[in-house]
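Tertiary structure, described
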Amino acid sequence: MTTPSKTWIADLPKDRLIAEFSVWSADLVRLADDLMRVDTHVDILHIDVADGHFAPAMLFFPDLVAGVRKISARPIHVHLMVADSIILSQIEQFADAGSDLISLHVENESVADQALDLLDRRGVAAGMVLKVDTPVERVERYVSRLSFVTLLGTAIGVKGQGLDEKAGARLQQAKQIIAGCGAAHRIVLAADGGIREHTVPLLRQSGAETVVLGSLAFNAPSLDERMAWVRAL
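All values reported here derive from a predicted model rather than from experimental measurement.

Quick word on the pairing of strand 6 (residues 148–152)
With five of its five residues buried, strand 6 lies for the most part within the structure. Covered by surrounding structure in strand 6 are F148, T150 and L152 together with V149 and L151, the residues of both alternating faces. Pairing of strand 5 (residues 125–130) with strand 6, which is carried by four bridges, proceeds in the parallel orientation. Within strand 6, the residue paired with M128 across the bridge is V149. As judged from the five bridges shared by strand 6 and strand 7 (residues 188–192), these two strands associate in the parallel manner. Across the sheet, the residue bridging to V149 is L189, located in strand 7.

This is the structure in structure tokens:
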């Protein structure tokens, strides 16, 4: 399977929402078939990883990423929701599995610099995610080293929650931080959690360049119509 080009982040669309599809919402029993069903609409595949400690869920593993890499040429974004003590080993395993972008949490600050150094050595793009109640300014010291900044709009690792009322203002603040960091490379601002038909326009207007699409895409009555709507925002 062809892998993404080295410039895939710079090449992501700038004139519409980037379509980031969450594998957690796919049909996991028929995963290959479901990923092929949505493939023409996908810009990025998003794979959540949770250890049951940092986040209450227990989610995906390196072998799944390696399997997805075999069947998809789309960039794979791994979102690590794991304890500080295993961050570095997890980065190694998910890099080996074929991840194109790995995001840790700004709350992993005790090992964040080491983690970003490791991602740089491995040639994997780096991202950071902020929990819904974490002050946005905490990402400022890292942002010039990142390719993605993702703000969660709901509590971590739990499906089906409503969007936090501060989500729009937080995205606007993050957008200002990215604009002011002086980086020469592209840094994509993403929103994850609480992604519903009535929230996506607000998130887009607040500066999100991509939203992590789960059931909104995978369970759409007409995926063609749903993605035409998303891309028109």
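A few points about the environment of A220
Relative to the assigned elements, A220 resides in the loop between helix 8 (215–218) and helix 9 (223–232). Residue A220 is classed as buried on the basis of its relative accessible area of 13%. Along the primary structure A220 and D27 are separated by 193 residues, whereas in three dimensions their C-alpha atoms are 13 Å apart. Excluding its chain neighbours within four sequence positions, the residues that come into contact with A220 are S215 and R226.

Topic: the side chain of R170
As for its position among the elements, R170 is in helix 6 (residues 167–179). For the buried R170, no salt bridge exists, and the shortest N-O distance to an oppositely charged side chain is 5.9 Å, to D164. Engagement of the side chain of R170 in a polar contact is seen with the backbone oxygen of K131, the distance being 2.9 Å. Within the structure, R170 has its side chain in polar contact with the backbone oxygen of T134 (distance 2.8 Å). Setting aside its immediate chain neighbours within four residues, R170 contacts L130, K131, V132, D133, T134, P135, V136 and L151.

Structural notes on the sheet that holds strand 1 (residues 18–22)
With respect to topology, eight strands assemble into a closed barrel ordered 1-2-3-4-5-6-7-8, the strand pairing being parallel. For this sheet the average axis-to-axis angle between neighbouring strands, irrespective of direction, equals 25°. Sheet contacts for helix 6: strand 5, strand 6 and strand 7; angle to strand 7, the most-contacted strand, approximately 160°.

Quick word on the side chain of D48
Looking at the element boundaries, D48 is found in strand 2 (residues 44–50). Here H79 takes part through its side chain, which lies 3.0 Å from a polar atom of the side chain of D48. Dropping the residues within four chain positions of it, D48 is found in contact with S22, W24, L59, F60, H79 and M81.

Quick word on the pattern of salt bridges
Summed over all chains, the structure comprises 14 salt bridges. Note that D27 and R30 form a salt bridge whose closest N and O atoms lie 3.7 Å from each other. Its salt-bridge partner being R145, residue D113 comes within 3.6 Å of it at the nearest N-O pair. Note that D113 is positioned in helix 5 (residues 112–122) and R145 in the loop between strand 5 and strand 6, a separation of 32 residues in sequence. In this structure R145 comes out as partly exposed when scored by relative accessible area, which is 35%. A network of salt bridges, in which partner residues are shared, links D113, D117, R141 and R145.

Things to note about the packing of helix 2 (residues 31–38) against helix 3 (residues 62–71)
At their nearest, the axes of helix 2 and helix 3 sit 11 Å apart, and the two run at 50° to each other. Between helix 2 and helix 3, the crossing angle belongs to the class labelled oblique. Between helix 2 and helix 3 the crossing geometry is right-handed. On helix 3, the residues touching L31, A32, L35 and M36 of helix 2 are L64, V68 and I71. Looking at the contact of helix 2 with helix 3 residue by residue, the class counts come to seven nonpolar, no polar and no charged.

The rules we used
- Numbering of residues begins from 1 in every chain and follows the order in which that chain's sequence is written.
- Under the rules for a predicted model, residues below a pLDDT of 70 receive no local features and side-chain atom pairs below 80 are neither given nor counted, while totals for whole chains, interfaces and linings still include all residues.
- Note: side-chain values were computed over all heavy atoms of the structure, leaving out hydrogens and water.
- Residue burial is assigned from relative accessible area. The probe radius is 1.4 Å, only protein chains are included, and a residue is buried under 20% of its type maximum, exposed over 50%, and partly exposed in between.
- Comment: elements are numbered from the N terminus, with helices defined as DSSP H or I runs of at least four residues and strands as E runs of at least two.
- In this description, strands pair whenever DSSP reports at least two bridges between them.
- Contact between two residues is taken to exist if any of their heavy atoms lie within 4.5 Å; hydrogens are not considered.
- In this tally Asp and Glu are treated as negative and Lys and Arg as positive; neither His nor the chain ends contributes.
- Definition used for salt bridges: Asp or Glu carboxyl oxygen within 4 Å of a side-chain nitrogen of Lys or Arg.
- Each polar contact in these results corresponds to two N or O atoms within 3.5 Å; when the atoms are within protein, one needs to be able to donate a hydrogen and the other to accept it, and residues that are neighboring in sequence are counted only if both atoms are side-chain atoms.
- In this analysis, axes come from line fits to C-alpha atoms, helices being fitted only over the stretch in contact, and the angle between any two N-to-C directions falls in the range 0 to 180 degrees.
- In what follows, roughly perpendicular refers to angles from 65 to 115 degrees, roughly parallel to angles under 35, roughly antiparallel to angles over 145, and oblique to any angle outside these ranges.
- Note: crossing handedness is left-handed where the near helix turns anticlockwise from the far helix by less than a right angle, and right-handed where it turns clockwise.
- Three categories are distinguished: nonpolar for Ala, Val, Leu, Ile, Met, Phe, Trp, Tyr, Cys and Pro, charged for Asp, Glu, Lys and Arg, and polar for the others, with Gly belonging to the last.

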